[in-house]
2 protein chains.
Amino acid sequence: MVTIADVARHAGVAPSTVSYVLTGKRSISPQTRSKVRESIRLLGYHPHAGARALASSRTNVVALVLPLRPGVHLPALMRFVTAAATTARKHEMDVLLMTADEGAQGLRRVAGSAQVDGFLMMDVELDDDRVPLLRQLPQPSVLIGRPAAVAGLTCVDLDFEAAGGRCVDHLADLGHRYIGFLGAPSVVYQRNTGSAQRAMAGFGAAAMRRGIASTALPADDDYESVLHSVRALLRAQPAMTALVVHNEAALGWVAGSLRVLGRRVPEDMAVVGICPDDLAEQLQLTSVQLPAEELGHQAVELLVARLNGQPVPPLTLLAPKLIGRASTAPRPRG
Amino acid sequence: MVTIADVARHAGVAPSTVSYVLTGKRSISPQTRSKVRESIRLLGYHPHAGARALASSRTNVVALVLPLRPGVHLPALMRFVTAAATTARKHEMDVLLMTADEGAQGLRRVAGSAQVDGFLMMDVELDDDRVPLLRQLPQPSVLIGRPAAVAGLTCVDLDFEAAGGRCVDHLADLGHRYIGFLGAPSVVYQRNTGSAQRAMAGFGAAAMRRGIASTALPADDDYESVLHSVRALLRAQPAMTALVVHNEAALGWVAGSLRVLGRRVPEDMAVVGICPDDLAEQLQLTSVQLPAEELGHQAVELLVARLNGQPVPPLTLLAPKLIGRASTAPRPRG
DNA sequence: GTGAAAGCGCTAACAG
DNA sequence: CTGTTAGCGCTTTCAC
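Rules used throughout
Residues numbered from 1 in each chain as written. Chains lettered and ligands numbered in written order. Predicted model: local features only at pLDDT ≥ 70, side-chain atom pairs only at ≥ 80, totals over all residues. Heavy atoms only, no water. Pairing = 2+ DSSP bridges. Helix = DSSP H or I, 4+ residues; strand = E, 2+ residues; numbered from the N terminus. Contact = heavy atoms within 4.5 Å. Axes fitted to C-alpha atoms, helices over the stretch in contact; angles between N-to-C directions. Least-squares fit on C-alpha atoms with pLDDT ≥ 70 in both. Near = heavy atom within 4 Å. Polar contact = N/O pair within 3.5 Å; in protein donor to acceptor, adjacent residues only side chain to side chain. Buried < 20%, exposed > 50% of the residue type's maximum accessible area, 1.4 Å probe, protein only. Right-handed = clockwise from strand over helix to strand, strands pointing away. Nonpolar A, V, L, I, M, F, W, Y, C, P; charged D, E, K, R; others polar. UniProt positions renumbered as here; feature names shortened; annotations may be inferred.

1. A few points about the sheet that holds strand 8 (residues 242-245) of chain A
Residues and elements named next belong to chain A.
Then, in step 1: The six strands lie next to each other as 7-6-8-9-10-12, forming an open sheet whose pairing is mixed. For this open sheet the edge positions go to strand 7 (213-218) and strand 12 (322-323), each flanked by a neighbour on one side alone.
Then, in step 2: Where strand 10 (residues 286-289) lies against strand 12, two bridges are found, and the strand directions are antiparallel. What sits directly across from Ser 287, in strand 12, is Ile 323.
Then, in step 3: Each of strand 6 (178-183), strand 7, strand 8 and strand 9 (270-275) is contacted by helix 10 (residues 194-209), which is oriented at about 175° to strand 6, the strand it contacts most.

2. Some thoughts on the relation of the copies chain A and chain B
Copy one and copy two of the chain differ by a rotation about a common axis and a shift along it.
Then, in step 1: Superposing chain A onto chain B takes a rotation of 180° combined with a translation of 0.1 Å along the rotation axis, leaving an RMSD of 0.1 Å. Between the two chains, the operation in question is that of a two-fold axis.
Then, in step 2: Looking at chain A, 100% of its interface residues are interface residues in chain B too, so the copies touch through the same face.

3. Brief notes about the sheet that holds strand 5 (residues 155-158) of chain A
Then, in step 1: Pairing within the open sheet is mixed, and its 12 strands lie in the order 11(A)-5(A)-4(A)-3(A)-1(A)-2(A)-2(B)-1(B)-3(B)-4(B)-5(B)-11(B). Two strands bound the open sheet, and with one partner strand each, they are strand 11 (315-318) of chain A together with strand 11 (315-318) of chain B. Each adjacent strand pair in this sheet contributes to an overall mean axis angle of 20°, direction not counted.
Then, in step 2: Pairing of strand 2 (residues 94-99) of chain A with strand 2 (residues 94-99) of chain B involves three bridges; the strand directions are antiparallel. Pairing of A:Val95 across the sheet is with B:Leu97, part of strand 2 of chain B.
Then, in step 3: Its contacts with the sheet place helix 14 (residues 292-307) of chain A against strand 1 (61-66), strand 3 (118-124), strand 4 (141-145), strand 5 and strand 11 of chain A, and it is angled at close to 160° to strand 4 of chain A.

4. Here we look at the protein's contact with DNA strand D
Then, in step 1: In the vicinity of DNA strand D, 27 residues are found, and the nearest of them are A:Thr32, B:Ile4, B:Tyr20, B:Tyr45 and B:Arg52.
Then, in step 2: For DNA strand D, the backbone portion of the atoms within 4 Å of the protein, that is sugar and phosphate, comes to 55%.
Then, in step 3: At 3.4 Å from a base oxygen of DNA strand D is found a main-chain nitrogen or oxygen belonging to A:Ala55.
Then, in step 4: Measuring from a phosphate oxygen of DNA strand D, one finds a backbone N or O atom of B:His48 at 3.2 Å.
Then, in step 5: Secondary structure elements with two or more residues in the surface near DNA strand D: helix 2 (15-23) and helix 4 (49-56) of chain A together with helix 2 (15-23) and helix 4 (49-56) of chain B.

5. Observations regarding the pairing of strand 2 of chain B
On a regular strand, one side chain projects to one face of the sheet and the next to the other, so that they alternate.
All names here are of chain B.
Then, in step 1: Burial runs high along strand 2: six of the six residues are buried.
Then, in step 2: Sheet topology places strand 1 (residues 61-66) next to strand 2; six bridges connect them, and they run parallel. What sits directly across from Val 62, in strand 2, is Val 95.
Then, in step 3: Between the parallel pair strand 1 and strand 2, the chain is carried across by helix 5 (residues 74-90), and the sense of this crossover is right-handed.

6. Concerning unusual backbone geometry
Then, in step 1: Between A:Val265 and the following residue, A:Pro266, the backbone shows a cis peptide bond with an omega angle of 5°.
Then, in step 2: The residue A:Pro266 is located in the loop between helix 12 (248-260) and strand 9 in this model.
Then, in step 3: Residues other than glycine seldom take positive phi values, yet A:Asn60 does so here, at roughly 60°.
Then, in step 4: Along the chain, the position of A:Asn60 falls in the loop between helix 4 and strand 1.
Then, in step 5: At B:Ala114, a residue that is not glycine, the phi angle is positive and equals roughly 55°.
Then, in step 6: Within the fold, B:Ala114 resides in the loop between helix 6 (103-112) and strand 3 (118-124).
Then, in step 7: Overall, the relative accessible area of 19% leaves B:Ala114 in the buried class.

7. What about the protein's contact with DNA strand C?
Then, in step 1: In the neighbourhood of DNA strand C, 27 residues make up the surrounding shell, with A:Ile4, A:Tyr45, A:Arg52, B:Ser27 and B:Thr32 lying closest.
Then, in step 2: A share of 58% of the atoms of DNA strand C within 4 Å of the protein falls on sugar and phosphate groups.
Then, in step 3: At a separation of 2.8 Å, a base oxygen of DNA strand C approaches a polar side-chain atom of B:Arg26.
Then, in step 4: Here B:Ala55 contributes a backbone N or O atom positioned 3.5 Å from a base oxygen of DNA strand C.
Then, in step 5: Going through the elements one at a time, helix 2 and helix 4 of chain A together with helix 2 and helix 4 of chain B are the ones with two or more residues in the surface near DNA strand C.
Then, in step 6: When residues in the surface near DNA strand C are grouped by element, the largest group, four residues, is from helix 4 of chain A.
Then, in step 7: A class-by-class count of the residues in the surface near DNA strand C yields 12 nonpolar, 11 polar and four charged.

8. Considerations on the UniProt feature "domain: HTH lacI-type" (unreviewed entry) in chain A
Then, in step 1: The UniProt feature table records "domain: HTH lacI-type" (unreviewed entry) at residues 2-56 of chain A.
Then, in step 2: Summarising residues 2-56 of chain A: 71% helix, 0% strand, and an end-to-end C-alpha distance of 20 Å.

In structure tokens, the structure reads:
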């Protein structure tokens, strides 16, 4: 194995000089620098990661903690993961993958053994039990999602409240005056899921603000339940001409349900989803996108900033973007 | 930070003793062992990963190199990843995530800096340029997929040849005598993609073996192309009553194309796919599954075996499993 | 069955 | 601007 001493000898300098050329932590004369660089290249030298970590207490690795509970949209998750990995590499960092099933125990292990410089944790819910632990760890962490108390943490999330509002605004601008909201399964709300509750709240508030009549119902993931909820919405508000759907699993059934109930999309009923882009694209659905890449990128940037001792805001909310597709049209005048 | 010296002092033993309790590399008296264990627990000691790697030249980390080219089925990929991660943890190992876009350069970097003990590389194709490099590296590697020359490597893959054959056998057993094969886009075959070619070869050989007339065509990923290819197949072999599809992206259009051409599934035309299970389930398609979990698990087991100096076969082929669903039925007698 | 001590390869004072 | 050197925390001989 080629070590820093080999490089130093080959270049006729001290090991520390080689180290400084590599880290840039002190100024080196151009001649020395290029001499050293050349030796490094010639010998094919790569600093030993373990030795470096030991001496510098920096691993240049971030842990990425993924949720793998059923129901997460895998394509969106992968988009997030690759964005995070790519951004990490831009900062000369690597990514250690942790599945959530190791729980707090796993975090303690990885943190305790100094395997990583920081943590990225996805899909954090309001009362996640790992959050208090993260606060204690010596390594900084960035959460994707939004726990109840944000103080002392760094979180990034889509602004779900604004997302709900954005859907209403889009529909209101098209002339719709009676709008329904088809939400997640009711257990999700019982479970205190932040994104679900906030999207719903944003939807309701925007409707009030615009003087629009709104009705909301949860829906389970199966056809029966979706059909039932859509029918119930229409019964509750017969003049309804638009629907906001915040339920990925239900989306596939919505068009069918509406058809069965005699409503064409978008002529009789405009539909807006809050969902990953590929799903919306596939269903030709106007939607507020879940910005997976942007979240992954931002999360890493925030973590890197914290590692460099820079101050970062406790909560970064990404503005929702609505993409118009075939499922929305101006309200039928009649 | 708690070090091994702290634990040793607390337990009244030498640091080396603590180390040996942890690694089990020499016998320790039960009393000493439990004394040490207790101190470890009390102090919340975790060995420093970097220090350990430096002293032992073992990181207990494996690199997982993922393909992120367009067209890979993300849900199946994630199933593979989690299986690999879970199996790795069973062996006290962690997983470092590498995206393929770093290419050979990235492998060299990670290998050179001794960040990992070995490599897991997914979706290797016949002429992958990173394969020769992997052979040179000091760390062992396991490939998921099957490059042209397997000597000196360790590979795991689904037995695509048997998979193609299995589809034919299933259909032949149901009485079908004229079978079509709808393959990947023709560029995939031009690109020398092993799995595509082997599935096709297995299909052809099995048909010959069973005395069945077979016809094959490639298909692109869009509706037009699929419709065109299916129509061409039917024209070439009007008596065709069954279809084997090895093209994930086309699968969604197959049923529609057949309907347009006046064939009901499965009454007029039986369909078998070679595709990830969730896709097949969703389409209610009889299929040979892509055993993502099993591949991930096996790959890690093989790598661990190699790390322990155990001999492993250069090629491990997993037997295809066919799951019967609604898309196949006995041949209509008429 | 246990201890003492010599590194593993690198970084970061300290010294010039 | 560069060299010398003392660790970083652990494993693993060697010695008893």
